[in-house]
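Chain by chain, the residues run as shown.
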Amino acid sequence: MGGKIRVLIAKPGLDGHDRGAKVIARALRDAGMEVIYTGLRQSPEDIVSAAIQEDVQFIGLSILSGAHGHIFPRVLELLKEQGASDIKLIAGGIIPDDEIPKWKEMGVTGIFGPGSSTVDIVDFIRAQSGA
Amino acid sequence: MLDSQPQRAAARLLSWIEDEDPRAVAALQATWSRTGNGYVIGVTGPPGAGKSTLVDCLAVHAAAQGHTVGVLAVDPTSPFSGGAVLGDRLRMNGAQQQGVFIRSVATRGHLGGLTATTRYLVNALELLGCDLVFVETVGAGQGDVEVVQLADTTVVVEVPGLGDEVQAQKAGILEIGDLLLVNKSDRPGADRLAQELLSAVELGEPRDWQPPVLQVTAIEGTGIDAAWDAIVDHRAHMEAGPLADDRLARQMHELEQQLQQQLFRDRMVTIGDKALRSAAERVLARRSDPFSAINRLAN
Ligand code: B12
Ligand SMILES: Nc1nc2c(ncn2[C@@H]2O[C@H](COP(=O)(O)OP(=O)(O)O)[C@@H](O)[C@H]2O)c(=O)[nH]1
Ligand SMILES: [Mg+2]
């Protein structure tokens, strides 16, 4: 028994860089997780409502466009509004190193930039899910 | 955004059902009398035929007619890792915008078969108020049969350009489809495929429901009205007679499947590993033949 780890992978906004998101989706699948891939151009509202319907433990955002500055706060805010703050937000892509402490404090559980090992990401998710 | 509390509760129940968590049983027992109000439309066909795109169109159309629509989109679990990338939702943006509840489902290694589990997933959506549930499954032999077990109306999606595979599949398709849709009619060969399917239907055994063959182009939303009307016609046909018997037969089949499984599990536990081991030793040592050993264990 024991629940499967389910992760929603989304690309918010107009950012078309989808390689990283696909790499992560496959890596998590190969680690035995169920990945719901929602593709490009998702709004924060789309992402949060999909995460609720899919009952995922994690939302994974891949952002290389620089738009994370308004997307992170909005997603966190919507999760709170919907009483769904137990869903953890993780992210990757181009996020400047000096901003990372700020985002973590705000509630982004994990941030993984270019070159991150997918093994580390899998381990991190497993540890965070308590599995 | 919609009020998410009922959605969260339903979403959690769906997870319990999928995880075979005992809380699912308790929750379904407590709510059983409130389920059963959903009409299930199965959509099957080869990978890439456009099933998800089509379900998106049909779900939006049905929602506009006043239905509360739910979608279960089933994709296979990787047999190697037990994980899955579920990508149907990618094509269901329209439905998502209309507030349709969409749930991606991995086949996993369900003991009770996809049917039993998926049936309970439908029930969970009914508790959320859904009166119409689309179930998308990849048509690969077994999956087809299972969706028929579950669906009140089965839609089979085909596309031009798959060549001989379609020939080979035709017999099966004709048996399970209440409606045959040729999608990607923007592509060459669609007219011919529709013609072929139609003559195959006409040449087949006459039935009290002859499956219509319709052409659609899901990506442009063309032909969706006619496809929806055909679904409505089939539903009316079913509700005028065969539906009650059909559902009874399906319920019997489901109970039988689950009972079999439970009896099997209980009995295996009672017999236990020890007895199994000593029987195996006796069989190997030629002190007993396997047939007598099995008889002894089973009685
Ligand atoms: C390939 C590429 C492209 C390709 C994209 C192809 C595709 N379909 O993905 C093309 C050529 C189309 C492209 C276009 C553009 N690009 Co470009 N592109 C890149 C490049 C060189 C590599 C990105 C990549 O694919 N990396 C490989 C993947 C595997 O790595 P990754 O995405 O970083 O993912 C890893 C981690 O970040 C993390 N991760 C990623 N997502 C997630 C999610 C989760 C949940 C987790 C846990 C981890 C995680 O794990 C992955 C594995 O380690 C980068 C530079 C760079 N070095 O990053 C620029 C870059 C991203 N592009 C950039 C720009 C500006 C553009 C364009 C606007 C125009 C231009 N000037 O070229 C357009 C915009 C396109 C659009 N519509 O959005 C800038 C962005 C600047 C910024 N953010 O401030 C970059 C940084 C280049 C630069 N230094 O200027 N690009
Ligand atoms: N040309 C064309 N492509 C379509 C049509 N419907 C869907 N597609 C495309 O076919 C691909 C597979 O569609 P999808 O709905 O995911 O198929 P599924 O695997 O059967 O669910 C996607 O790239 C769709 O955009 C159509 O009517 N015409
Ligand atoms: Mg699909």
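Residues numbered from 1 in each chain as written. Chains lettered and ligands numbered in written order. Predicted model: local features only at pLDDT ≥ 70, side-chain atom pairs only at ≥ 80, totals over all residues. Heavy atoms only, no water.

Moving on, we get to the coordination of the magnesium ion (ligand 3). Residues and elements named next belong to chain B. Taken together, S52 (OG), D88 (OD) and E136 (OE) make up the full set of protein donors to the magnesium ion (ligand 3), lying 2.1 to 2.2 Å away. For the magnesium ion (ligand 3), the single-chain donor residues occur in sequence as S-x35-D-x47-E. Of this pair, D88 sits in the loop between β3 (84–86) and α4 (93–97) while E136 is found in strand β5 (residues 132–138), placing the two residues 48 residues apart along the sequence. In this structure E136 comes out as buried when scored by relative accessible area, which is 2%. (Donors = N, O, S within 2.8 Å, 3.2 Å for Na, K, Ca; no water. Helix = DSSP H or I, 4+ residues; strand = E, 2+ residues; numbered from the N terminus. Buried < 20%, exposed > 50% of the residue type's maximum accessible area, 1.4 Å probe, protein only.)

This part covers the interface of chain B and chain A. Counting residues at the interface gives 34 residues for chain B, matched by 32 residues for chain A. Both faces combined, the contact of chain B with chain A buries some 2,600 Å², and carbon together with sulfur accounts for 46% of it. Taken together, the links from chain B to chain A amount to six salt bridges. A:D86 serves as the salt-bridge partner of B:R8, at 2.8 Å between the closest nitrogen and oxygen. In this assembly, chain B and chain A are joined by 22 residue pairs in polar contact (both at pLDDT 80 or more). Here the side of chain B that touches chain A takes nine residues from helix α1 (residues 4–19) of chain B, the largest share from any one element. Residues that form the side of chain B that touches chain A fall into these classes: twelve nonpolar, 13 polar and nine charged. Looking at chain direction, strand β2 (residues 34–42) of chain A and β3(B) are connected through three bridges and run parallel. The partner of A:I36 across the bridge, within β3(B), is B:L86. (Contact = heavy atoms within 4.5 Å. Buried area = accessible area lost by both parts, 1.4 Å probe. Salt bridge = Lys/Arg side-chain N within 4 Å of Asp/Glu carboxyl O. Polar contact = N/O pair within 3.5 Å; in protein donor to acceptor, adjacent residues only side chain to side chain. Nonpolar A, V, L, I, M, F, W, Y, C, P; charged D, E, K, R; others polar. Pairing = 2+ DSSP bridges.)

Here we come to the sheet that holds β5(B). Residues and elements named next belong to chain B. On the basis of which strands lie adjacent, the open sheet formed by seven strands has the order β4-β2-β5-β1-β6-β7-β8 and parallel pairing. Pairing within the sheet leaves two strands with one partner each, and these edge strands are β4 (101–106) and β8 (213–215). Strand-to-strand, the axes of this sheet are offset by a mean angle of 20 degrees, without reference to chain direction. As defined by bridge partners, strand β6 (residues 153–158) adjoins strand β7 (residues 179–182) across four bridges and the pair is classed as parallel. Looking at β7, one finds that V156 is bridged to L180. (Axes fitted to C-alpha atoms, helices over the stretch in contact; angles between N-to-C directions.)

Attention now moves to the packing of aromatic side chains. Applying the stated criterion across every chain yields a total of three aromatic pairs over all chains. Look at A:F72 and A:W103: their rings are 5.2 Å apart centre to centre, the planes differ by 80 degrees, and that puts the pair in the edge-to-face class. Of the two residues, A:F72 sits in helix α3 (residues 68–81) while A:W103 sits in helix α4 (residues 100–106), which places them 31 residues apart along the sequence. A residue is classified by how much of its surface remains accessible, and A:F72, at 0% relative accessible area, is buried. With centroids separated by 6.3 Å and ring planes inclined at 70 degrees, the aromatic side chains of B:W32 and B:Y120 adopt a geometry described as edge-to-face. Taken together, the residues span a long stretch of sequence, with B:W32 in the loop between α2 (22–31) and β1 (39–45) and B:Y120 in helix α5 (residues 113–127) at a distance of 88 residues. With a relative accessible area of 23%, B:Y120 lands in the partly exposed category. Above the ring of A:W103, the side-chain terminus of A:K102 is found at 4.4 Å from the ring centroid. (Phe/Tyr/Trp six-rings, centres within 6.5 Å; stacked < 30°, edge-to-face > 60°. Lys NZ or Arg CZ within 6 Å of the ring centre and 35° of its normal.)

This brings us to the site of ligand 2. Residue and element names in this part refer to chain B. Close contacts around ligand 2 come from 17 residues, with G48, K51, S52, T53 and D186 the closest. Take K51: an N or O atom from its side chain is 2.7 Å from an oxygen atom of ligand 2. Here an oxygen atom of ligand 2 and a side-chain polar atom of T53 are 2.6 Å apart. Within the complex, 81% of the 590 Å² of free accessible area of ligand 2 lies under protein. (Near = heavy atom within 4 Å. Areas by Shrake-Rupley, 256 points an atom, 1.4 Å probe, with all protein chains shown as cover.)

Before going further, it helps to examine the sheet that holds β3(B). An order of β5(A)-β4(A)-β3(A)-β1(A)-β2(A)-β3(B) is seen for the six strands of this open sheet, with the pairing classed as parallel. Each end of this open sheet is capped by a strand with a single partner; those strands are β5 (108–112) of chain A together with β3 of chain B. The sheet shows a mean angle of 25 degrees between the axes of neighbouring strands, direction not considered. Sheet topology note: the strand β1 (residues 6–12) of chain A/strand β3 (residues 58–63) of chain A ladder contains four bridges and is parallel.

Here the focus is the domain arrangement of chain B. Split by domain assignment, chain B resolves into domain 1 (4–240) and domain 2 (252–298). Averaged C-alpha coordinates put domain 1 of chain B and domain 2 of chain B at centres separated by 38 Å. (Domains from an automatic or database assignment.)

All right, on to the pairing of strand β2 (residues 69–75) of chain B then. All names here are of chain B. The buried fraction of β2 is high, at seven of seven residues. Residues V69, V71, A73 and D75 point to one face of β2 and G70, L72 and V74 to the other, with burial holding for every one of them. Both β2 and β5 contribute to a ladder of five bridges, which runs parallel. Bridging across to β5, L72 finds its partner in V135. Sheet topology places β2 next to β4; six bridges connect them, and they run parallel. Each residue of the ladder has a partner; that of G70, found in β4, is F101.

With that settled, the discussion passes to the coordination of the cobalt atom of ligand 1. In this structure the cobalt atom of ligand 1 is ligated by exactly one protein donor, A:H17 (NE2), at 2.1 Å. Within the secondary structure, A:H17 is located in the loop between β1 and α1 (19–30).

With phi around 50 degrees, A:D55 is a residue other than glycine that occupies positive phi space. Secondary-structure assignment places A:D55 in the loop between α2 (44–54) and β3. Look at A:D55 and you get buried, because its relative accessible area is 8%. Unlike most non-glycine residues, B:K184 shows phi in positive territory, near 60 degrees. Within the fold, B:K184 resides in the loop between β7 and α8 (190–203). When its relative accessible area of 22% is taken as the criterion, B:K184 is described as partly exposed.

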